[in-house]
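# Summary of the model geometry
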Amino acid sequence: MYVLRRLLTVLLVGGLVAGILMPSAAQAPGPRYGGTLRAGMQTDPVGLDPHLSTATATRNMMENVYDTLVMYSSQGRYIPGLAESWTTSEDGITWTFQIRRGVKFHNGRVMTPEDVVYSINRIRDPNTKSPRVQDFAEVDTVSASGPNTVVIKLKRPFSPLLAKLSSSLNVIVAREVVSRDGDLHTNPTGTGPFRFVGYTPQQRLTLVRSGDYWEVDANGRRLPYLDRIEFVFLPDAVARATALRAGSVQWIEYVPSSEVKALRADPNVEVVGGLSANFRSLYINNQVAPFNNVKVRQAMAYATDKKEIVDTALFEVGGIVATGTAIPPGNFFATTRSPYNKVDLDRAKRLLAEAGHPNGFEADLYVTSTYDFLRTPAEIIQAQLAKIGIRLKITAADWSVYLPTVFQKKYVLTILGTSGQSDPDDFLYNNFHSKAGLNLVNYADPQFDQLVEQARAVSNEGQRKRLYEQAQARLLDTVPMVFIYHSTQFEAVRRTVRGFEHWPNTSYLGLRRTWMTAP
């Protein structure tokens, strides 16, 4: 929890996290019910079953259909969700959760502790093939004990447990829906504030207010306020900003870096957001020659001018340079002592020659055409690596094609990253442990594995920090990828939209308290 407070403190002190959009004194005294929010989205979800997806687009639209046992607040704290409270045994092995009574799924059935047990075990089950199976690798058993109690017993102490339980994709689901349909892709059924209505690919996904939602605001009024959310897919970033200005949508995600200043100057629009928990890197498939040679990967890191990418591709507002590894600078667990913070072309060329490639080589760079902040750096990286003889051929694909290809590791180089982290384990174990589902670069280093495994079992923040510093030093030595930047994330809203709050982990849970002024 300490790291969350530290991360949020850094963001707030830096002026990078905007506050809640609240009504002014001249407006109505409080939130009003009703209205349809048309939200301009970057891309379609990659599947609708949260347990089977890692796509941010899926999380962004499904996290308000479902609930998690524990929630991650906008202030960087773990707070009650479907669990009203929890206790931990002195040895850190047994966690006991008191489950909220009277919560209903959208099919009308009351949620029980057995649903919690089923949901966690579904993620844990290798047959489910959840990409987050390792989130619960240290769980020994999950059991219901009485009418409102769930007990999680661990194999050993596991400090990131609350972080895993609060992940917006590790949600509680209705077992009978999975049993009937085989998965949750066609009929997402949760306990969240909005009920799924329908999805038309490349057009829209629609949610409506659930009248049975359990959460209330500070005045005891039942959430959410909105009647309906229509997620409209507008993959062109400039078109998305134009639609907001015109009023055809009232809210957009991923404000392109090129539009931030202009939208801030628009009196009808407010831009919220800032530096968020994420990293963006040049992913390198470590098992594909010649990239299985660490000297080649080190050469690429020395040749990459990270500042040029941020200044040019991201217009100086779209991110900050990665001065360490995956953990953003300012985080309690971050390191900023990367040897690649200064470009060294002579050293890069020497390393390539030592690796047997004095004249360089050709390679494919596979990128997505969907997200501008992952696409626009490609040509700059191409020009930078050409200076040491690495000649890149760039190909692009839509996110719906690109992401499954990358997850099958059928690529050589790509530009990607992950977001939504709330614990250092999310940054390091999830992306680089040899058995982790998000290890898309085929990185396997026993020394690194041992360090992050030890850090999982330690609760003392100082001890964890030392272990993570060693683990990150190992990443910098072995270069599984070239760490380039940490992106800012901005949302923009029409000023008729009130109450939306930007989450530092890029979650859209703020839509639960969003409301609209009278038309």
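### Considering the sheet that holds strand S7 (residues 149-154)
Strand order across the open sheet formed by 4 strands is S4-S5-S7-S6, with antiparallel pairing between neighbours. The open sheet has two edge strands with one neighbour each: strand S4 (83-88) and strand S6 (139-144). Adjacent strand axes in the sheet meet at a mean angle of 15° when their direction is disregarded. Across 5 bridges, strand S5 (residues 94-99) lies against S7 in antiparallel orientation. What sits directly across from Phe97, in S7, is Val150. In the packing of helix H3 (residues 113-124) onto the sheet, contacts are made with S5, S6 and S7, and the angle to S6 comes to roughly 155°.

### Considering the nonpolar core
Counting 145 residues, the largest nonpolar core has Phe97, Ile152, Leu282 and Met300 as its most contacted members. Here Leu282 is in contact with Met300, Leu365, Ile381, Leu385, Leu413, Thr414, Ile415, Met481, Val482 and Ile484, once residues within four sequence places are set aside. Membership of the second largest hydrophobic core comes to 13 residues, among which are Ile252, Val269, Val317 and Phe490.

### Overview of the environment of Gln470
Note that Gln470 resides in helix H16 (residues 461-478). Classification of Gln470 as partly exposed rests on a relative accessible area of 44%. A C-alpha to C-alpha distance of 42 Å links Gln470 and Ala174, two positions 296 residues apart in sequence.

### Examining the side chain of Gln384
Among the structural elements, Gln384 can be located in helix H12 (residues 377-386). Not counting residues up to four positions away in its chain, the partners in contact with Gln384 are Ala303, Thr304, Asp305, Glu308 and Ile309.

### Considerations on the confidence of the model for the chain
Confidence along the chain averages 93 in pLDDT terms, with 94% of residues attaining 70 or more. This model gives residues 1-28 a pLDDT under 50, and the stretch forms 54 contacts once residues within four places in sequence are excluded.

### Quick notes on the side chain of Thr414
Tracing the sequence through the fold places Thr414 in strand S17 (residues 413-419). Only 2.5 Å separates the side chain of Thr414 from the side chain of Tyr402, close enough to count as a polar contact. Filtering out sequence-adjacent residues up to four positions away, Thr414 remains in contact with Ser281, Leu282, Tyr283, Leu365, Tyr366, Val367, Tyr402 and Val406.

### Here we look at H16
In an α-helix, one turn spans 3.6 residues, which is why side chains three or four residues apart end up on the same side. When the terminal C-alpha atoms of H16 are compared, their 26 Å separation across 18 residues agrees well with the 26 Å that a helix rising 1.5 Å per residue should span. Those residues of H16 that fall on the buried side of the exposure criterion are Arg464, Leu467, Tyr468, Ala471, Gln472, Leu475, Leu476 and Thr478. Structurally, the start of H16 carries an N-cap: the backbone nitrogen of Gly462 is 3.0 Å from a side-chain oxygen of Asn460. Directly after H16, the chain includes Val479, whose backbone phi takes a positive value near 50°.

### Brief notes about the packing of helix H8 (residues 294-303) against helix H10 (residues 345-354)
It is at 8 Å that the axes of H8 and H10 come closest, and there the two elements cross at 165°. Classified by the angle their axes make, H8 and H10 are roughly antiparallel. In the crossing of H8 with H10, the sense of the turn from one axis to the other is left-handed. Each of Lys295, Val296, Gln298, Ala299, Tyr302 and Ala303 in H8 lies in contact with H10, whose residues at this interface are Leu345, Arg347, Ala348, Leu351, Leu352 and Glu354.

### Quick look at the packing of aromatic side chains
Summed over the entire model, instances satisfying the criterion amount to 24 aromatic pairs. Measuring from ring centre to ring centre gives 6.0 Å for Tyr199 and Phe233, while their planes differ by 90°; the resulting arrangement is edge-to-face. Here Phe233 lies in strand S10 (residues 228-233) and Tyr199 lies in strand S8 (residues 194-200), a separation of 34 residues in the sequence. Among the residues examined, Phe233 registers a relative accessible area of 6% and is labelled buried. Seen in terms of ring centroids, Tyr213 and Trp214 are 5.3 Å apart; in terms of plane orientation they differ by 50°. Their pairing is tilted. Tyr213 sits in the buried class, given a relative accessible area of 0%. Ring-pair connections join several aromatic residues into one group, and the members of that group are Tyr254, Tyr366, Tyr371, Phe373, Trp399 and Tyr402. Positioned above the aromatic ring of Tyr429, the side-chain terminus of Arg456 is 3.4 Å from the ring centre.

About the criteria used
Residues numbered from 1 in each chain as written. Predicted model: local features only at pLDDT ≥ 70, side-chain atom pairs only at ≥ 80, totals over all residues. Heavy atoms only, no water. Pairing = 2+ DSSP bridges. Helix = DSSP H or I, 4+ residues; strand = E, 2+ residues; numbered from the N terminus. Axes fitted to C-alpha atoms, helices over the stretch in contact; angles between N-to-C directions. Contact = heavy atoms within 4.5 Å. Core = buried A, V, L, I, M, F, W, Y, C linked by side-chain atoms within 4.5 Å. Buried < 20%, exposed > 50% of the residue type's maximum accessible area, 1.4 Å probe, protein only. pLDDT = per-residue confidence, 0-100. Polar contact = N/O pair within 3.5 Å; in protein donor to acceptor, adjacent residues only side chain to side chain. Expected span 1.5 Å × (residues − 1). Parallel < 35°, antiparallel > 145°, perpendicular 65-115°, else oblique. Left-handed = near helix turned anticlockwise from the far one by under 90°. Phe/Tyr/Trp six-rings, centres within 6.5 Å; stacked < 30°, edge-to-face > 60°. Lys NZ or Arg CZ within 6 Å of the ring centre and 35° of its normal.

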